[in-house]
Structure formats: C-alpha cells, structure tokens
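Understanding the architecture of this molecule
Chain residues, written in single-letter form:
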Amino acid sequence: MTEHQKRDLVSIEDLSTEEILELFHHAEEFRQNLRDWSDVCRGTIMATLFFEPSTRTRLSFESAMLRLGGGVITAADSENSSSAKGESLADTVRVVGGSYADILVVRHPQDGAARVAGRYARVPVINGGDGAHEHPTQTLCDLYTLWKEKGRLEGLEVVLCGDLRYSRTIHSFCYALARFGANIVTMPYPGFELPEYVLLRLRRDFGVQAATAAVDDLPGIASGSNTAAYLTASKPHQLALFTNLTNVEVNRIDAIYMTRAQLERHDGESTLDYPRLTRSTLGAAAAKDARIMHPLPRVDEIDYEVDDDPRSIYFRQAELGVPMRMALMAFLLGKIQLRAQPPKVLATQRGIDGGATLRCHNERCVTNGEGVRYLDRDFRLRSSEAVGVLCCAYCEREILVRFLGDEKSRTFHAYGSPEGQAIPEPRRVHFETDSQAEAAGYRSADD
Amino acid sequence: MTEHQKRDLVSIEDLSTEEILELFHHAEEFRQNLRDWSDVCRGTIMATLFFEPSTRTRLSFESAMLRLGGGVITAADSENSSSAKGESLADTVRVVGGSYADILVVRHPQDGAARVAGRYARVPVINGGDGAHEHPTQTLCDLYTLWKEKGRLEGLEVVLCGDLRYSRTIHSFCYALARFGANIVTMPYPGFELPEYVLLRLRRDFGVQAATAAVDDLPGIASGSNTAAYLTASKPHQLALFTNLTNVEVNRIDAIYMTRAQLERHDGESTLDYPRLTRSTLGAAAAKDARIMHPLPRVDEIDYEVDDDPRSIYFRQAELGVPMRMALMAFLLGKIQLRAQPPKVLATQRGIDGGATLRCHNERCVTNGEGVRYLDRDFRLRSSEAVGVLCCAYCEREILVRFLGDEKSRTFHAYGSPEGQAIPEPRRVHFETDSQAEAAGYRSADD
Amino acid sequence: MTEHQKRDLVSIEDLSTEEILELFHHAEEFRQNLRDWSDVCRGTIMATLFFEPSTRTRLSFESAMLRLGGGVITAADSENSSSAKGESLADTVRVVGGSYADILVVRHPQDGAARVAGRYARVPVINGGDGAHEHPTQTLCDLYTLWKEKGRLEGLEVVLCGDLRYSRTIHSFCYALARFGANIVTMPYPGFELPEYVLLRLRRDFGVQAATAAVDDLPGIASGSNTAAYLTASKPHQLALFTNLTNVEVNRIDAIYMTRAQLERHDGESTLDYPRLTRSTLGAAAAKDARIMHPLPRVDEIDYEVDDDPRSIYFRQAELGVPMRMALMAFLLGKIQLRAQPPKVLATQRGIDGGATLRCHNERCVTNGEGVRYLDRDFRLRSSEAVGVLCCAYCEREILVRFLGDEKSRTFHAYGSPEGQAIPEPRRVHFETDSQAEAAGYRSADD
C-alpha cells in the first residue's frame, strides 16, 4: 500500500470549507452551459464500482462525466463477478484504477469501504455511499442548492424532519450545516431522533449547543405543543440574542429538509403517523420563505400537490447534482485548480496503529468485514484529554482510550496522566481498559 | 404537473402520417453513413429507463444515440433501486429528465406507463414498450423496412401470421398498416386470432372492412382449405375490384409478417402445430415477391434454412432500427426539422377528467398500478354517438359512457339525447350506467 | 450462414506468431499515450455480449474502446432477455453485429460459443472467454507483459503453479509459451496437474518434450523434495545442454505464474495446503529475477505483503490489458495494418462435415448445447496417421477416427490403410468405430 499525492472525496471533511465554496462557483459555471460537452475531461474515464445498487447516484455521476466530455465504464452488477470469486476491494480498485479508469466512484455496503478504495487506488476516489458512514456528494449537492437559493449558509434556520436516526444523509448534512454556521431544528418522527453520537460529535468538533425549540405550528410535521431540539454553533454573544437559550423560538424557517423512513434499516418499527408535508404545512407563517428539500427518493412524506409550489426545490436538488459533480470531478482530476487551501490533515495519511489490541467496535466496519484479511487497524486521534478519543480511520466510529502503555518498560498509565502523556509517541500502546493492558502483558505503574 | 411544448413518441399516433414518411427519408440519410459519428446530437445525453428487460430494444437505442454523437446513461437494473425504495415513475422521470438526460427511453411493464413518463418529464420521452399498450419504434422500423423494400405502403397485401392475440407488435402494426392504406390478411394460429377490440378500432378509426380471404397454399403456415380474414381500408370503388367482398382472393403477397408465440403472456395454452415458415412456404407462387418479416427474437417459427433466401428481411428489419431511431431522436431533440404538420391533437393534452366515478377497467393500466396514488383519471373522447366512447388517456383502453350528468342540476340524461348533449362541457359528468349516476347522487331526468 | 473476409480472435491460433509480436509493438505505442483519446476508432461501436458475468474482462475491453475514441454498448445482464425468450446466439450476433455494433466481444458459458458468434456475425468477434475453451486476450496480455519485462519469450523458464487442471487460462498460456519457445515448469497443487489432453497437444502440435525437474527450494509453493514436470520445445541439440533430459535442473526462474483454485469448477475437492506465495518464496535464489504473475482475481494464494515487491507484476498485467486490447481491436477493425502474414489456415473456414454420424463428445460444447438446433457438425483435421485426429471446429475437443467409409461403394477401411486414404475427399465418411460404420449401413472392405 502506498500513499499518493492525489485527492479523494471519501468524507465531506476531505474538502476544506473554502474549497467547498469555491466548487460551488465552478458548479455554477458548468450549470449555465450544461447541454454542451465541456471537453474539460476529454480523454478521461470514470469507473462506477457499485457493490450495492443506487441507480440515482450512479446516473448522476455518469451524466456529469459525459457532460465533461469523458467516458464511463460501469460495474453495477448486483453481484460483482470478481468479488464473487473472492477478490478484495483493494485488489479491485488497484486493477480498475490502473489503466482502466482515471477516477473511481465507489458505493459499498460496508462502513468505511470508500476509504479503503481511496488508499489503494492510484487514482482519485469518490465515495458514492459506504454503508452507514458517508455519502458526501449528496451533502455537497444539498449545501450547494441551499447556498444557491439563499445566497449563504451561515445563520440559516434549517428544520430536519422525519427519520433522523437512520438517515446517513441527515447526519452528514448536520455536520456540514454546523461547519458552515447554520442552525438546525430537529423535528424527528418520535423514536427516530438524532443518535447520541451525532450530538456528541456536533458538540466536540463544531461547538454546537443544543436547546429546546418552540416552532410555529407546521401542520403535518409538527404542532406547537411539540418541542423540537435546536442545535446552534453560534457564539455566546449571539446566543444572548435569544431570551432563553433553553427554549429558542423559531419564527422564520429557511429550509425544511424532509426525509423518508429508512425502512431497509429499520427493525420492524411502525411508521404510522410518519410526518407528511402538505400544502397546509406550507401555509404556516414561519414557512413563508422556506425551501422544501428532500434527498429523494420520496415515498409519501411530501404530498404530490406540493410539487408545484415554487418553494419546493427537491427536484432542483437532484438537478444541481450534475453540475456539482462535474465541478468536483474536474477538480479531483486536476482539470480545474482551486485557490483555497486543502484541509490541514488529509485523512489519507496513516494514523495510530491499533496493533493487536485495538479494533473498531463497529461490526459493519470494513475492517471487520471484507478487509479483515488485509487491512491494518488504523485510528485517528480526535480528542486528547482525560481520555483519548480515537476514531477508526475507515468508518470513523469512535473508541475511548483510557490507558497508555510504554512498549519499552511494559508499564501502563492513565491516559491523561502526566506519566501517560510523557510516553514518547513511537513507544505508545493504546488500551481501552486496564484488563486489556494486563492481558497484553503490561503492568500498572501504580502497582 | 406541467404541460410542455416538447414532443413525445408514446403511441404511433403521436406522429402524423406525413411526419412518419418524412422521417423515413431522414433515416435513409443516416443509414448511408452509419459508421461515422454524425455529431448531430453531440452534447446530448439519452437515458434508457428499463423497468423490465429488453436488451434488443435498449441496444438499438443506445447504438443510435452513439452514432448521433451523443452519450448514453442506462438504468436497466432488473430491479431499479429507487423504485425499490418506493419512488414513483413520475418522480424518476422528473429527476432523470432534469439535468441527467436530454431524452428518455422508457420501458415499463404497466400499460400506459410511457404516457405518464411523457407527461411528467420535461424532456422528450420515447416509449420503448409499455406493457400490452404500444411499442411504437418497433412499428416505425417495420413500416420503414417494408416501405424501403416495396417503395410504398399503400395497397400492399400483408399477411400476419402466428400469435395475433397477445402480440402488442402485431396490434400496433395493424393500425399503422390501415393508416397507410395497406391490406391485411390474418393467418392466426387457431385460438390466437386478433382480439375483438383491435377489429373494432380498425373499423371505427380507419374504416377497415373485414372479409374472408382465400389465399394460395402457403405450406407450413396455411393451406388452401383454411380461411383467413381480410382487412382492408380500401374505398368502396376499389373494393368493387374484387368480385366478392366477403371472399377476397389473394394471389399476390407483398409481405409475410411472422411472430413468435408470446409464451410469457399465455395461460398455458398449447402451441403444438404452431405455424412454421420453411423453404417450401417460400416456394408458393403467391409468395414469389413476398418479403419475410419478423420482429425478432424468433424461436422456431422460421426455419434457419430460410435465412439465406433474399426475400428474408428480418435481420434487415433489426438493422434498419438504428437509422430509424437516429432520425426519430434527432427530430424529437430538435436537431432536424420536419416540414410536415404534426397530428391535430397531441395526446399530451389533458382530456376528460374521470373524477371520482370513471376509472379505467384495465387492471394492468398504470392508473390502477403504480400511478394509483398520484395520477388523475384522464380520458379522451374517441367517438360520440348514441353512446360515448372514451379511452383512458394512458393505456387507451376504451369505456362506453351511456349517461351524462349535469353538475349544476344534479340530473342525468342518456348520452346521445338532445338534453344530454346540451349540457355545457364544464358541467358534464360521465357515467357508464344509471346506477353509477344514482350512486353519485344524480337523479334521472326521466323520473 | 456466410463466410466473411473479416478476422476474428476466437482462439490464440487465429493470430500468427509474427502478428502477435507486431501487436505488442502497437500496444506499446498506445500505452505511452493512454490518457488521451486516440480517435483511431472514432465512429466505431463495440458491443460486449456477456452471457455470463466477467466484470474485469468487460471493463478492460470497454476502457480500451473508449480510449480508442469509440463507443460501447453492453449486454451484461445476468439473464439476456432475448435469449430468455429463446433466441439463438447465431441470431443475437447477427442482429447486434448488424448496424448496432462494429465489433463484438462475446463471453459465453458453453465451449466453442465464440466460434459460433464469429461465423454468424458480419463484424469481427473477440472471444471474451467461452466455457472451458479459450480466453485468448488474457493469454495475449500475459505474453505481452512477460515479453515487455524480459525483452523476449524464447528460452524463458516459466513456472506454473496452483490449479493447473481447471484453469483455462493456464492451458492457453501453455500452448502459447510452447509456440514462442519458452520452457514450462509445472508445480501443480497435488491432484490438479495439467490434463493429459493438454500434454498430448503440446507434444503433437509444438513438439514439446516432458521431463522431471528439480527446482531450487521455493518456500510456500514447492520444496526441493517435490518433483515438478519440465516441458520444453527446445530442439535436441539444445536439450543436450542439460546433463539429463529426464531430470532437468532449474536454477533460474524467469516467471512464476500463480493461479487461484477454480472452485466454481471443482467437485468439492479440498484445497487445504493450496500453494501460497509469500515473501519467503521470493527470497529463494532461483527467484532472484523472477516476475510474479497472476491472472487475477486472486484469493489467498499470493500474500498481500508481496504486492510491494518490484518483482510482483500482476497488477501491471491487468494494466497492460488495456493497451493490448486497443491494439487488437484497432487491428481487427482495420484501423492499423500489420506487415506480418496471417496464419495459413483461418479457423473460420468450414472443415469436415460430421454428417449424421460424428458428433463432439464434449457435453459442454455449444454443438451439444444451444447450437444443437441449428449448427452443423464441423470438424478440423489435426493429425492424419494410423488414425485421424479430428477436432470439433467449435470447442476443439478431439476425437479419433479409426475408419473411413466410401459414400459411393458403401464400404469402409482402416483410417491409415492405403485403401482408406485412397477414398476421394468428397466421398469420405468418418467413423470412430467399426460398429458406427456398420450402423450407418457400411460394410467392411475386409469381409
């Protein structure tokens, strides 16, 4: 496995905030002349490697590459024949990302699989959705659409509605909204609230504060008696604008982002009385200038009669996906240059070696799936205080490290202790528990 | 749902007779330089949305678009992933027909689905076969081949042979032959005759008369003792040329159109002794100048030894499908202009609202299938005499309307009565039966 | 069925040795400017007709055609819809190879199917793998890679390792190595030796001699105590260089060609202790300049730690597949001319008619499969001594002809007898046994 200078888009964090905004401007240029081959990528081949079906995402990428003047090869077989014969994802992307194709779009059912593809392929890799991990181009398209409609992202009031628990799209969108300084009002279908780990990460990485929100009556999705959560990354002096941080009143909504029940990931939960956005929702005063968004496909959660309302922009979201993906691919292929700086740390670099002890606890993670026979356990440090917060370099699931061992002295210390932090990096061994350390033959420095 | 200025080809009637003939000439031009990109559609993307498999049709369209210099994206998954998640056809075509593609080819198992696609997509839609409804490009290719071989269509004697009951291709071809003034001799596999509704429509819409036919012995498909039906749109003074209208003698056959048993739609019927065209069939005097046609795929109904006979043109039919589809797509995309006038009424316009009462009785109709949750019941008036003949705007199945209600007075009258016909259009409510009217709260004007 | 002037690549023998070498040079030119459309095949459409899945092979061909500036249409449905309706391969290739596509790549589960495609299609056909018969472009790519790495093929010492019994790739590679004068050392997984018919053909067609080989210790794949077979086409005076022909010592290995267990063709045999190439294998002195090859996909038979060794060239093999296929297609399409002469006998010509008596004994042969209803039994003469060795013109399985009958006198003679050989060609009838001849109404000339 070798490191490359090339850029991937596996997680939305692989792009800096400034790069994203600059890509929006490039997307605008492509959009204005969509019906002509741009020839920007003439001579270039994109391969879509879809290990699970997603016709919509695939067609959007294929259209984008054709409109750039390039060519497309597609492995969208429900059962990829090479992997049926036992081939690893790492081998597949090395072959297809060799002479076959100049850029890869990978969709895979296992969390973190797109990062594996990015690390092994010599050409740029775009994540077209990897399990419950990320679907960054969906997020880019959502942000681009909202930015285009409202002229900005900062300070927008965005309502998220429906199944907030299982929707990967919603989670990625949350992080991105927080990063761009938008405020989030969550109106989940009861029982399908944002998971705790999403809230934790919003707080730690983006300083997002939570409050309860009182929202004007939005028939069909929320009534005044319902309390919603309000998530804001605003700085304290701004929060002071609200009379009571713990009960923010939302009188103006900039966008309502509706999402379908992710039935395929449910455990048989009922979806009776799932929220349903109708013409009367749009009649609410607070929704006067709201945009109605949906990642599509929709089922029944937005009435067909709403389609003709000028505030409904869910088909425009899909439409803007093509120029957005054109800009992204032209950038990754080096056909357009960005002035903006990349993120400080590129996730392609190796982090902390998990060795024989640490493993990702996410059973759907690619390191526990098809990568188990060839992937090293690799972690990144997210936070280092009393305990260390490490995340799997592939699926980004976090684990807590409470002890640090010294490979030389074979002793271990509490993570945040001066002795622990004094262990030189190359000698550090990470343990979640003291029994883990002892099982590995280390003894407590306290004994 | 909005109406568009764009043209679709959902039914062969979406093109005027003059337009069709003009398209043949364009197809000829494309055919003569087939092995070169024409660049007529450079910068254009065609999407094939196949909700049921049809490799042949799909490849023909894809080849045509590539030869026009355009690009192709394909959703030919046996199970479309978005529709698996509950997405409607209307949503799919609005997304894919947005920025993804500039023209759509749709194949769908439900009758009338292609019209739904045409109404919702902003870009031109071509019907690649929708259930038992239509497959208009197959018909165009058949007509083009025959026209090219014989120099004309009017007055040709065309034998249709095999399973005339379940073959959608045969039905569409019948209407088209009648429209172009060709005569039809039906030689069905016994029990698989042309359905009554096809005969009815041939008579009403094209003035076609039926007679029995005595055909020269055609070994393998008919013997002299068999009686065949003769369908002619000829005017009375021409019919007089035959000594006896009820027993036309056919001594010259211009084409024999053979079709396979549509086993996938059969109900377990035996196909023992299914007609089989062999070298000896072609030895018949009447077949001397006949062309042998078949929509393909064939099974056993034409012997392989017939393939080398110069009168066999079934592979040429398939071959001409590419230039024919090139001409059609170039036209629908506005890349070539036709001098001919379009049909007087374009089927894309809304007709009679079925309201809560009228519904299409075709259980395979898209209005009773995937459209049931969002499609209005829409009908077109086909004939208005003692009873009204309405057809479903999607699948074209007919229903008979015997009563007209007046929304204002809440009374109803016999359809053809002066009182019925006097009800102003906007107030008219259509009923098949009096009990239907009464159930809707209308009372008979006769009471 | 008509004969064409066009060239196919169904078997590696469809190209002369000189043509192959010349194609390598063209491949080199394409390789050096791979990331640009070459426009050599602009206006040309390749159809991939895959009746069984092979994502890898398909993508390689598609990439090659796109890089040549052409277009691609693909029927890779696991179940081709036309063949599901009962269409023959002969019909499919006549339709798709008509106006749809200018060159066909066919993959089919039945042995010999690619030759059927070649005979019926009017355009060039490339075999993308037909059952257990051949996969000639894989062989071309393997040879090209080895030639490029070592500068020659003649006299190379090539170790074949693993499942040599079921690997079609290995068999084709053996014939090709023999033809180019390379020597083969077989190190099979015990029980999975090269089949007898491969050895027979190597001897008869290429004069290959077998010996036992003593190979330096190659940990993981062979130990010194193992005896391997040594196959050489070297002329006697060269063989004399070895002290003992029956025990050749191999001290320098030029390539180790590893192959996975073809589990999908196994009969439940265990693959415990299947050879496994590791870093320590590469530490062997004899392997110092060896290249490690593998047709991919690999399973576990090459350790991931070997990937970074500069001698590992299996990903390069895949990479070189694209320029190799570009050169091949440009040649078959007449876009580049070769100075070299074609093989003396092109396999597209008809050979010996099997009539009602002779049939191919390979039950997986296309003549016993989907072609049974339309293919003639056609054989080619491979050797004519005391008995005649005929091979099926499609799958190349051999049969032995021991008697020749005279159609005129209705007598039969021993194949090699003067009387037998005196029967004029047009009157000859071939029999495997005397009882076969008698059953056909022939009597022995000896009676």
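Residues numbered from 1 in each chain as written. Chains lettered and ligands numbered in written order. Predicted model: local features only at pLDDT ≥ 70, side-chain atom pairs only at ≥ 80, totals over all residues. Heavy atoms only, no water.

A separate point is the interface of chain C and chain B. Taken together, the 35 residues of chain C in the interface contact 31 residues of chain B. Summed over both partners, the interface of chain C with chain B buries about 2,800 Å², with 50% contributed by carbon and sulfur atoms. For the chain C face of the interface with chain B, the top three residues by lost area are C:Lys85, C:Ser99 and C:Tyr100, together amounting to 24%. Our enumeration of links across chain C and chain B arrives at seven salt bridges. Note that B:Arg67 and C:Asp102 form a salt bridge whose closest N and O atoms lie 3.2 Å from each other. Across the chain C-chain B interface, the total number found is 13 residue pairs in polar contact (both at pLDDT 80 or more). Elements with a contribution of two residues or more to the side of chain C that touches chain B: strand S1 (45–50), strand S2 (71–75), helix H3 (81–84) and helix H4 (89–100) of chain C. Examining the composition of the side of chain C that touches chain B, we find that nine residues originate from one element, H4(C), more than from any other. Among the residues forming the side of chain C that touches chain B, the class breakdown is twelve nonpolar, 14 polar and nine charged. (Contact = heavy atoms within 4.5 Å. Buried area = accessible area lost by both parts, 1.4 Å probe. Salt bridge = Lys/Arg side-chain N within 4 Å of Asp/Glu carboxyl O. Polar contact = N/O pair within 3.5 Å; in protein donor to acceptor, adjacent residues only side chain to side chain. Helix = DSSP H or I, 4+ residues; strand = E, 2+ residues; numbered from the N terminus. Nonpolar A, V, L, I, M, F, W, Y, C, P; charged D, E, K, R; others polar.)

Moving on, we get to the domain arrangement of chain A. All names here are of chain A. Splitting chain A by domain gives domain 1 (12–136 + 321–332), domain 2 (148–313) and domain 3 (352–444). Using only C-alpha atoms to locate each centre, domain 1 and domain 2 end up separated by 29 Å. Contacts between the two partners involve 19 residues from domain 1 and, on the opposite side, ten residues from domain 2. Regarding the contact of domain 1 and domain 2, the summed buried area is about 1,100 Å², with carbon and sulfur atoms giving 47% of it. (Domains from an automatic or database assignment.)

A separate point is the side chain of C:Thr145. Residue and element names in this part refer to chain C. Within the secondary structure, Thr-145 is located in helix H6 (residues 136–150). For Thr-145, a relative accessible area of 1% translates into the label buried. Contacts of Thr-145, omitting those with residues within four sequence positions, involve Met-293, Ile-313, Gln-317 and Leu-320. (Buried < 20%, exposed > 50% of the residue type's maximum accessible area, 1.4 Å probe, protein only.)

To characterise two packed helices, one gives the angle between the axes of the helices and the distance between these axes. Residue and element names in this part refer to chain A. Remark: helix H7 (residues 168–179) packs on helix H8 (residues 196–206), axes separated minimally by 10 Å, with the N-to-C direction vectors making an angle of 20°. When the interaxial angle is binned, H7 and H8 end up roughly parallel. Viewed along their axes, H7 and H8 form a crossing whose handedness is right-handed. Contact residues: His-171, Cys-174, Tyr-175, Ala-178 and Arg-179 in H7; Tyr-197, Val-198, Arg-201, Leu-202 and Phe-206 in H8. Looking at the contact of H7 with H8 residue by residue, the classes come out as seven nonpolar, one polar and two charged. (Axes fitted to C-alpha atoms, helices over the stretch in contact; angles between N-to-C directions. Parallel < 35°, antiparallel > 145°, perpendicular 65-115°, else oblique. Left-handed = near helix turned anticlockwise from the far one by under 90°.)

This next bit is on the environment of B:Ala75. Relative to the assigned elements, B:Ala75 resides in strand S2 (residues 71–75). For the pair formed by B:Ala75 and B:Ala228, sequence separation is 153 residues and the distance between their alpha carbons is 43 Å.

Residue and element names in this part refer to chain C. In a regular helix each residue adds 1.5 Å, so 13 residues correspond to 18 Å; helix H2 (residues 55–67) covers 18 Å between its end C-alpha atoms and thus fits that length. Counted residue by residue, H2 has 13 buried out of 13 residues, so it is predominantly covered. Where H2 terminates, the next one or two residues include Gly-69, which has phi positive at roughly 90°. (Expected span 1.5 Å × (residues − 1).)

Residue and element names in this part refer to chain B. Spatially, the four strands line up as an open sheet ordered S18-S16-S17-S19, and their pairing is mixed. The open sheet has two free edges, formed respectively by strand S18 (428–431) and strand S19 (443–444), since each of these has just one partner strand. Sheet topology places strand S16 (residues 403–406) next to strand S17 (residues 411–414); four bridges connect them, and they run antiparallel. If you follow Leu-404 over to S17, its bridge partner there is His-413. (Pairing = 2+ DSSP bridges.)

Attention now goes to the relation of the copies chain C and chain B. At an RMSD of 0.0 Å, chain C and chain B line up after a rotation of 120° and a shift of 0.0 Å along the axis. Such a combination of rotation and displacement between the chain copies is what one expects of a three-fold axis. (Least-squares fit on C-alpha atoms with pLDDT ≥ 70 in both.)

All names here are of chain A. Taken together, the four strands give an open sheet; going across it, the order is S18-S16-S17-S19, and neighbouring strands pair in mixed fashion. Lying at the two open borders of the sheet, with one neighbouring strand each, are strand S18 (428–431) and strand S19 (443–444). In this sheet, S18 lies alongside strand S16 (residues 403–406) in antiparallel orientation, the contact comprising four bridges. Its bridge partner being in S18, Leu-404 is matched across the sheet by His-430.

Our next topic: the nonpolar core. The biggest cluster of nonpolar side chains holds 141 residues, and the ones touching the most others in it are B:Met187 and C:Leu104. Here this core takes 13 residues from helix H11 (residues 314–332) of chain B, the largest share from any one element. (Core = buried A, V, L, I, M, F, W, Y, C linked by side-chain atoms within 4.5 Å.)

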